[in-house]
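Chain by chain, the residues run as shown.
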Amino acid sequence: MTEQQIAQIVEKQRRFFATGKTLPRAFREKALDDLKTAILRHEAHIDAALKADLGKGRTEGYMCETGMTLAELSWMRRHLAGLMRDKTVYTPISQFAARSFRSPSPYGVTLIMSPWNYPLMLTLEPLIDALAAGNTAVVKPSAYSPETSRVIQTILSECFPPEYVYVVTGGRAENQALLEQKFDKIFFTGGKTVGREVLRHAAEYLTPVTLELGGKSPCIVDATANLKLAAKRIVFGKYLNCGQTCVAPDYLYCEASIRDQLVAEIQKEIAAQFGQAPLANPDYGKIINRKHFDRILGLIDPVKTVTGGQSDPEALRIAPTVMTNVTFEDAVMGEEIFGPVLPVLTWNTLDEAIAQIESRPHPLALYFFTSSRANRKQVMDRCHFGGGCINDTIIHLATSNMPFGGVGESGMGGYHGKAGFAEFSHMRSIVDKKTWLDLPMRYQPYTGLKEKMVRMFLK
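Residues numbered from 1 in each chain as written. Predicted model: local features only at pLDDT ≥ 70, side-chain atom pairs only at ≥ 80, totals over all residues. Heavy atoms only, no water.

**Examining unusual backbone geometry**
A cis amide bond, omega 0°, links Phe-96 with the succeeding residue Ala-97. Secondary-structure assignment places Ala-97 in the loop between strand 1 (87-89) and strand 2 (98-106). That bond from Gln-444 to Pro-445 is cis: its omega, 0°, falls within 30 degrees of zero. A positive phi is found at Asn-241, a non-glycine position, where the angle reads about 55°. The residue Asn-241 is located in the loop between helix 9 (227-239) and strand 9 (251-255) in this model. (Helix = DSSP H or I, 4+ residues; strand = E, 2+ residues; numbered from the N terminus.)

**A closer look at the packing of aromatic side chains**
Inspection of the entire model under this criterion finds 14 aromatic pairs. Where Phe-16 meets Tyr-164, the ring centres are 5.9 Å apart and the plane angle is 50°; that geometry is what we call tilted. Placement of Phe-16 in helix 1 (residues 3-18) and of Tyr-164 in the loop between helix 6 (146-159) and strand 5 (165-167) is noted, with a sequence separation of 148 residues between them. The class for Phe-16 is buried, based on a relative accessible area of 11%. Judged by relative accessible area, which is 3%, Tyr-164 ranks as buried. Ring geometry for Phe-96 and Trp-436: centres 6.0 Å apart, planes at 90°, overall edge-to-face. Placement of Phe-96 in the loop between strand 1 and strand 2 and of Trp-436 in the loop between strand 20 (425-433) and helix 15 (448-457) is noted, with a sequence separation of 340 residues between them. Looking at Arg-360, its charged tip hangs above the ring of Phe-328, at a distance of 4.0 Å from the centre. (Phe/Tyr/Trp six-rings, centres within 6.5 Å; stacked < 30°, edge-to-face > 60°. Buried < 20%, exposed > 50% of the residue type's maximum accessible area, 1.4 Å probe, protein only. Lys NZ or Arg CZ within 6 Å of the ring centre and 35° of its normal.)

**So, helix 5 (residues 121-132)**
Between its first and last C-alpha, helix 5 extends 16 Å over twelve residues, near the 16 Å set by a 1.5 Å rise per residue. Buried residues dominate helix 5, accounting for twelve of its twelve residues. Considered for burial, the residues of helix 5 that qualify are Met-121, Leu-122, Thr-123, Leu-124, Glu-125, Pro-126, Leu-127, Ile-128, Asp-129, Ala-130, Leu-131 and Ala-132. In the stretch just after helix 5, Gly-134 is the one whose phi turns positive, near 100°. (Expected span 1.5 Å × (residues − 1).)

**Here's the deal with the packing of helix 2 (residues 25-41) against helix 4 (residues 58-84)**
The packing of two helices is summarised by the inter-axis angle and the distance between the axes. Their axes nearest at 10 Å, the elements helix 2 and helix 4 cross at an angle of 165°. In this view, helix 2 runs roughly antiparallel relative to helix 4, as classed from their interaxial angle. At the point where helix 2 passes helix 4, the crossing takes the left-handed sense. Along the contact surface, helix 2 presents Arg-25, Arg-28, Glu-29, Leu-32, Asp-33, Leu-35, Lys-36, Ile-39 and Leu-40, while helix 4 presents Thr-66, Thr-69, Leu-70, Leu-73, Ser-74, Met-76, Arg-77, Leu-80, Ala-81 and Met-84. Of the residues belonging to the contact of helix 2 with helix 4, the class tally is ten nonpolar, three polar and six charged. (Axes fitted to C-alpha atoms, helices over the stretch in contact; angles between N-to-C directions. Parallel < 35°, antiparallel > 145°, perpendicular 65-115°, else oblique. Left-handed = near helix turned anticlockwise from the far one by under 90°. Contact = heavy atoms within 4.5 Å. Nonpolar A, V, L, I, M, F, W, Y, C, P; charged D, E, K, R; others polar.)

**Comments concerning the nonpolar core**
Membership of the largest hydrophobic core comes to 109 residues, with the highest contact counts inside it found for Leu-156 and Val-221. For Val-221, the contacting residues outside a window of four places in its chain are Leu-227, Ile-234, Leu-252, Tyr-253, Cys-254, Glu-255, Ile-258, Leu-262, Trp-347 and Phe-369. Val-10, Val-138, Leu-178 and Ala-202 belong to the second largest nonpolar core, which has 19 residues in total. (Core = buried A, V, L, I, M, F, W, Y, C linked by side-chain atoms within 4.5 Å.)

**Notes on a positive patch on the surface**
On the surface, Arg-85, Lys-87, Arg-102 and Lys-418 cluster together to form a positively charged patch. By the element assignment, Lys-418 lies in helix 14 (residues 417-423). The class for Lys-418 is exposed, based on a relative accessible area of 60%. (Patch = residues over 30% accessible without salt bridge, like charges linked within 9 Å, V, L, I, M, F, W, Y side chains within 5 Å. Areas by Shrake-Rupley, 256 points an atom, 1.4 Å probe, with all protein chains shown as cover. Salt bridge = Lys/Arg side-chain N within 4 Å of Asp/Glu carboxyl O. Lys, Arg positive; Asp, Glu negative; His and termini not counted. Charge placed at Lys NZ, Arg CZ, Asp CG, Glu CD.)

**A look at the pattern of salt bridges**
Side chains that carry opposite charge are capable of pairing whenever their charged atoms lie near each other. Per the stated rule, a full pass over the model turns up 24 salt bridges. The salt bridge involving Lys-30 is made with Asp-34; its shortest N-O contact spans 2.7 Å. In this pair, Lys-30 and Asp-34 are both assigned in helix 2, four residues apart and thus about one turn of the helix distant. With a relative accessible area of 51%, Lys-30 lands in the exposed category. The exposure class of Asp-34 is partly exposed, given its relative accessible area of 25%. Between Arg-295 and Glu-335 there is a salt bridge whose closest N-O contact spans 2.9 Å. One end of the pair, Arg-295, is in helix 11 (residues 290-297); the other, Glu-335, is in the loop between strand 13 (321-323) and strand 14 (341-347), and 40 residues separate them in sequence. Arg-295 gets classed as partly exposed once you look at its relative accessible area, which sits at 25%. Through salt bridges with shared partners, one network takes in Arg-25, Glu-29, Asp-33 and Arg-77.

So, in C-alpha cells, the structure goes:
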C-alpha cells in the first residue's frame, strides 16, 4: 500500500470513531463475539498457516496461539460490563458536596504492530483489548509470517468493515508509512531496534505507546532446586517454538555445584520431549527464515556444545542445543538468542548472580528455581524484570488476570485482561459537583475566616 492509501484508511477510521458507534457496550460485545466465531471457523486455516510459517504442530499452535487468543476473548467478553463502568472514588471533604469517579474513555484510532514468532496471538490479543476499550484499529502483522498474516487478514475482513478494523500487509515500506501517520495510540511488539524507531516517530505527535520488546531473560537455579523438575520445565520453556519466544529463558545461570547434574537432567529431558533425533520430530518447529537461521548458527561454539548443534538448512531447523563453560564475554551472551540454544553459566554466591543480572538491561522475564524462601525473597526484592515464574518458565503470560509487559529496555506498558483494557483507555478523573451547596471559602476576597476554613479542610 502507498502512504496515501494508508493515510486515507486512518482518516476513514477517524471519521468512524467520531460517530460514536464504537462506544456502546452492545457494539463492543458483538465485535468480540464476531471475532470469536471467525477464529473458530478458520481454525484449520490457522493451523496450516502456523505450520507453514513456523513449523508449529497443531497442539502447540492451539496451546500457544489459538487457545490463548480465545481465552483472552472469553475473559474480556465476561468482564466487559464491569470494565466499562465508572469507578467511584473518595471525595475530600473540601470538595463537598460532590461525587468523584474515574471513567474509562477509548483513545480513538489505534495502530497495532505485531511480530512473527507468535503471529496470531500477538496480533489478536492486543486487538481484542483495543476493541473492548472502544477503539478502532489498524493492524500490521509481520511480513516474516506471510501465511498467518493472510489468515488474519481474511478473519478480520470478514468480521469488520475497514473503517473499524483494517489489516495492512507488507514490509518496511508499509511500516514506515504507518509510522508517519498520526494515531491516538500505538501498540508495538518486536525488537528493540524497531521499538526505538516506533517511539521516535510517536514522539512527533506525542502519541502514547506500548512497547513489548525482549531481552536476555535469565533462568537462575540454586542448589536447593528440584533439578529433575527444573530441567523438564526449562526444556519446555526454552525450546518451545524452536526457542523463538520473547520470554524464553535466554540463558541458564546456575549454582556452580549443581551445574553438571542439572545439565545431565536437561540432556535427558531434551531426548524425552523431542526424541533422540529432534530434527526428525514433526512437532518440533523451525526457524522463521534463513537470515535468522544463519545468525543463530553463528552463536553456537562447537567447542562448548555438549548437546545438539546439528542443523538442517533445507528445513531451517536447529536441534535443541546446550553450551557449557560460557562466560558473559562470549558471542552468545552479546544479544538475545531467540533460538534453540541454551548457554549455561555458573555462580558461586547468590549475591554474585544478582549483581551480574542487575548490571545488565532489565529483561522481559526472569525465572528462579529454588526451594529456599530466603533466596526467593532476595531475588524478588533485588532484581528488576518484566515478569516471571518461581519454579517454572513462561507460563506467567498465559493468564488474563495478570498484566504482561516489560520494564526499561524490555518494554513499557502491559496488557491482558483488565490491564489490556486499561492500556487502550484513558482513565478520566471527574468530579460531579452538586449545585445545592457552594462553600464560599475558595472565592476572593480572602478573609481570616476563609483562611481558617481552608486550613481546617486541607490538613
